[in-house]
Amino acid sequence: INDTAIKAFLNPLDSGAFPFDVMSWQRRNDSWAGIGIARQGRTAQDMLNASARKMMENAGLSSSPQLIFRENAIRPADGSWVITGGKVWLATEQADLKTVADAIMSINIPMMQTELNNIITLAYKMMEDATGIFFIMQGQQGSAPDTVGGMEILQRNSSAILRRLARTFDENVTEPHIGQIGRAHV
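Residues numbered from 1 in each chain as written. Predicted model: local features only at pLDDT ≥ 70, side-chain atom pairs only at ≥ 80, totals over all residues. Heavy atoms only, no water.

Caption draft 1: Looking closely at a nonpolar patch on the surface. A surface patch of nonpolar side chains, about 250 Å² in accessible area, is lined by Ile68, Met105 and Ile107. Looking at the element boundaries, isoleucine 107 is found in strand E6 (residues 104–107). On the accessibility criterion, isoleucine 107 (36% relative accessible area) is partly exposed. (Patch = residues over 30% accessible without salt bridge, like charges linked within 9 Å, V, L, I, M, F, W, Y side chains within 5 Å. Areas by Shrake-Rupley, 256 points an atom, 1.4 Å probe, with all protein chains shown as cover. Salt bridge = Lys/Arg side-chain N within 4 Å of Asp/Glu carboxyl O. Helix = DSSP H or I, 4+ residues; strand = E, 2+ residues; numbered from the N terminus. Buried < 20%, exposed > 50% of the residue type's maximum accessible area, 1.4 Å probe, protein only.)

Caption draft 2: Inspection of the packing of aromatic side chains at higher detail. By the definition in use, this model includes 3 aromatic pairs. Geometrically, the ring pair formed by phenylalanine 69 and tryptophan 89 is tilted, given 4.8 Å between the ring centres and 35 degrees between the ring planes. Of this pair, phenylalanine 69 sits in strand E3 (residues 66–69) while tryptophan 89 sits in strand E5 (residues 89–91), and the two are 20 residues apart along the sequence. Accessibility expressed as a relative area gives 25% for phenylalanine 69, which makes it partly exposed. For tryptophan 89, a relative accessible area of 24% corresponds to the partly exposed category. An aromatic cluster is defined as three or more aromatic residues linked by ring pairs; in this entry it consists of Phe69, Trp81 and Trp89. Above the plane of the ring of tryptophan 89 lies lysine 87, whose end atom (NZ or CZ) is 5.6 Å from the centre. (Phe/Tyr/Trp six-rings, centres within 6.5 Å; stacked < 30°, edge-to-face > 60°. Lys NZ or Arg CZ within 6 Å of the ring centre and 35° of its normal.)

Caption draft 3: How the structure looks around helix H3 (residues 42–62). Relative to the 30 Å expected for 21 residues at 1.5 Å per residue, H3 spans 30 Å between its end C-alpha atoms, a close match to the ideal helical length. Looking at the packing, one finds that the buried side of H3 touches helix H4 (113–131). (Expected span 1.5 Å × (residues − 1). Contact = heavy atoms within 4.5 Å.)

Caption draft 4: View of H4. Taking 1.5 Å per residue, 19 residues should reach 27 Å; H4 reaches 27 Å between its end C-alpha atoms and fits that length. Among the residues of H4, Leu116, Ile120, Ala123, Glu128 and Thr131 are the ones counted as buried. Burial along H4 is one-sided: seen end-on, the buried residues are contained in an arc of 135 degrees. For H4, the elements touching its buried residues are helix H2 (37–40) and H3. The positive-phi residue at the C-terminal boundary of H4 is glycine 132, with phi of around 80 degrees. (Arc of directions from axis to C-beta.)

Caption draft 5: Seen up close, the pairing of strand E2 (residues 31–35). Summarising the sheet, strand E1 (residues 26–28) and E2 pair through 2 bridges and their orientation is antiparallel. Residue pairing across strands places glutamine 26 opposite isoleucine 35, the latter belonging to E2. (Pairing = 2+ DSSP bridges.)

Below is the structure:
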């Protein structure tokens, strides 16, 4: 197989023009594929994943108290240091205790759900801003007014991105394709 046969196989157009019609979400000069939604939202997605992971870790840590023992001051009656409901603890002979708090104390890890949820909400907003895909397009009304006029405005705003996509498809796929067909038959 010679170079001409390979070129003809890879590109059947005599003009040498790119033989495919491509619809990219956002054009990029150095790439025929452009930039997709996933690439545009990568930072926000990473932020969302990390925040949700931290929220779950925090929920696990804050769900049970942390216990601090003076080991030489108390001992478990059953010999096991595993915490269970109704556990009995005994003061040792060498313990110099005035109160139980001198031997054992519990602390709670604070639940940071509100703070972490604020970061998740920010990640949602960043995703919408980066991609141009708004949650209203998915049927999520949010705090928008529940009136005919308000819903009409929401619908018009949410469909703006779809109108842009249709226009981009016409410009990048339909018109060039029809143009190639017209040039091929002339």
